[in-house]
Amino acid sequence: MTASGDQLRPNRPLGNKAFALALFAVAALQSAALGWMINDRVSLLNSGRQIVLNTVPVDPRSLFRGDYVILNYAISTFKPQSLGGDDDFKRGMPVFVTLRKSYRARWQPVAVTSAYPAETPKDQVVIRAIVRSAGKTLRVNYGIESYFVPEGEGKKLEQLVRQSELQVMVAIGTNGEAAIKGLIVDGKVQYEEPLF
Amino acid sequence: MIGYRSRLERDLARWEEAGLVDARAAGEIRADMAVRGVRFALAPVLGILGAVLLSFAAMTFVAANWQDLTKLTRLLILFSALWAAYGAALLLRYMHAGFLEQAAILLGTGLFGANIMLIAQMYHISGNPPDAVLMWACGALLAGVLLRSRPALGLTICLIMLWSWWEVVDHRWSSPHYGFLLAWTAVALPVAWLRWRAGYHMLALALAAWIVGIGYLFEDWSMFFGSRDAHPLVIIIGLAIMLSVVVAGRTIEHVTKFAGPLVVYGLGITYAGLFALQFVERIPVLTIAALAGATLVIMIAALFYGARSHNSALTRLAYSLFSIELLGLYFKTLGTLLDTALFFLLAGVIVIALAAVAWALHRRQLLGSGAQT
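Residues numbered from 1 in each chain as written. Chains lettered and ligands numbered in written order. Predicted model: local features only at pLDDT ≥ 70, side-chain atom pairs only at ≥ 80, totals over all residues. Heavy atoms only, no water.

Draft legend 1. Structural view of the packing of aromatic side chains. For the coordinates displayed, the defined rule picks out nine aromatic pairs over all chains. With a centroid separation of 5.5 Å and an interplanar angle of 75°, the aromatic rings of F96 of chain A and Y116 of chain A are classed as edge-to-face. On the criterion of sequence distance, the pair formed by F96 of chain A in strand β6 (residues 94-101) and Y116 of chain A in the loop between β7 (107-113) and β8 (124-133) is long-range, its members being 20 residues apart. These aromatic residues form a ring-pair network of at least three members: Y178, F180 and W210 of chain B. The ring of F19 of chain A has R93 of chain B sitting right over it, with the charged end atom 4.1 Å from the ring centre. (Phe/Tyr/Trp six-rings, centres within 6.5 Å; stacked < 30°, edge-to-face > 60°. Helix = DSSP H or I, 4+ residues; strand = E, 2+ residues; numbered from the N terminus. Lys NZ or Arg CZ within 6 Å of the ring centre and 35° of its normal.)

Structure follows, in structure tokens:
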């Protein structure tokens, strides 16, 4: 395959004016898609209900996005049979986990359903999740398992947690979508995320 | 293209000597080649490589997650870079640097991908990483269609392959990723519309990889040969592609102008399935021997067809696969070494007998054409 000039020149060339318009359209549409991505997050972080979850981080590296820590949550594995709601789940399907604040102000799953529950009491909150593995125990992802850190800081964060308690501030939207708002170390907000 | 020029030069010298082409015509052909040769300059290749390098620079910048700049500054940098790349494309168009304008478009689509990653990183979106690649592919496809840009379409093909591979690996699927076919069709339409031949090859490679993947993904598809995976299905698809070209080659060539390469990809797919069955799977020795026999028959048939249809790519692939098959059998050994020796002996005798037949046919052809003149 030779990438010669002949190869790269379109067979059906656009006129200069059409080309300029098309360039503008491409740049604008791509920017709009990115803007929509940002807006989605910012509005969720701004307006969502906030809960605090306990976590333990591990330090890997993402192919495209650099260093990050994987945050493990106690609420990511549970037995659906012992909870309210549905029991039959398959890998990859979205589920809605209802959490309730219980013992020592920790959030615990009380029900798991395949559709967003019709009614939720004031002291409960619903998070959307994707089933990672199904069976007697269900393992789910909430989309808040990665926390990106500057190069080399993942290990530091991991060590910090050996001596102290790490918690995550999570914003939850009305449709159950979750987003990380910041980290709390020993009860003090450490990494609060600016919106921009 | 350089290969074509030197071959043409060799042929021209021979034709001149034989008196088929006179000196004036030969001179004109050489002059034409010299003019066309300017187009095959290094500039477009370097332009594209430069765009790829700059895109990687942007992506590693994102990966470094440099906290010295605020989120807003980093966003502004990458957004302006995106617009600057498309602006450069327009500028290069007015400067009539056709191929560099394409490099700028490719850079723009690369920066779009870097922006997606930056936003995902800034807001800690872990979600489903392949979704980000799919979003990137959609942006690249948009640029490819609206700007009629071949490099952007080429990037789209690479991205849908990455997307499909990531989906399969991440979710450990036990069935093929059908979404790929939809995405493939969406890219194939503009590639066909632009009649981009290198794009046909990229599309064919992508689809071939997907088909070969079926063999490993379908579990418990034990219809034939006691195989646990679906490699027999891959072989059937490969053979069907080859047979359709053999039977309806003229129609396919008329519509696609791609019948020659198609049969080559068909052979590749067929052999990928055969190879997996014989050397990856655990199946009985006698079945392997039968499959090995079938493989050699297919390769010889492909050699015959390649010679008859002047398809040198097919001939070369068939020779290469023939060698790979023999090496594979040599290392696997069919039962005992003595059994393997017996297999090679039988195969050798049959192939030499075929060579004799081919020689006889060739001689008759020569005599026939000699009688006509």
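Draft legend 2. Inspection of the nonpolar core at higher detail. Membership of the largest hydrophobic core comes to 82 residues, with the highest contact counts inside it found for Y86, Y123, W136, L147 and V187 of chain B. Here this core takes 14 residues from helix α5 (residues 98-122) of chain B, the largest share from any one element. Other than its neighbours up to four places away in sequence, W136 of chain B contacts M59, T109, G110, F112, G113, I116, M117, L155 and L159 of chain B. Formed by 34 residues, the second largest nonpolar core is a distinct cluster that contains L53, L71, V112 and L166 of chain A. (Core = buried A, V, L, I, M, F, W, Y, C linked by side-chain atoms within 4.5 Å. Buried < 20%, exposed > 50% of the residue type's maximum accessible area, 1.4 Å probe, protein only. Contact = heavy atoms within 4.5 Å.)

Draft legend 3. Representation of the sheet that holds β7 of chain A within the structure. Residues and elements named next belong to chain A. The sheet built from six strands is open, its strands ordered β4-β9-β8-β6-β7-β5 with mixed pairing. The sheet is open, and its two edges are formed by β4 (77-78) and β5 (84-85), each paired on a single side. Where β4 meets strand β9 (residues 138-141), two bridges bridge the pair, whose relative direction is antiparallel. Of the residues in β9, the one forming a bridge with T77 is R139. (Pairing = 2+ DSSP bridges.)

Draft legend 4. View of the pattern of salt bridges. All names here are of chain B. Inspection of the entire model under this criterion finds six salt bridges over all chains. Here R30 makes a salt bridge to E16, at a shortest N to O gap of 3.3 Å. Taken together, the residues span a long stretch of sequence, with R30 in helix α2 (residues 23-39) and E16 in helix α1 (residues 2-18) at a distance of 14 residues. What makes R30 partly exposed here is its relative accessible area of 31%. For E16, a relative accessible area of 30% puts it in the partly exposed group. Salt bridges sharing common partners tie together E9, E16 and R30. (Salt bridge = Lys/Arg side-chain N within 4 Å of Asp/Glu carboxyl O.)

Draft legend 5. Here's a closer look at the side chain of T98 of chain A. Residues and elements named next belong to chain A. By the element assignment, T98 lies in strand β6. Overall, the relative accessible area of 6% leaves T98 in the buried class. For T98, the contacting residues outside a window of four places in its chain are Q108, P109, V110, A111, P117, T120, Q124, V125 and V126.

By themselves, these figures tell us nothing about what the structure is for.
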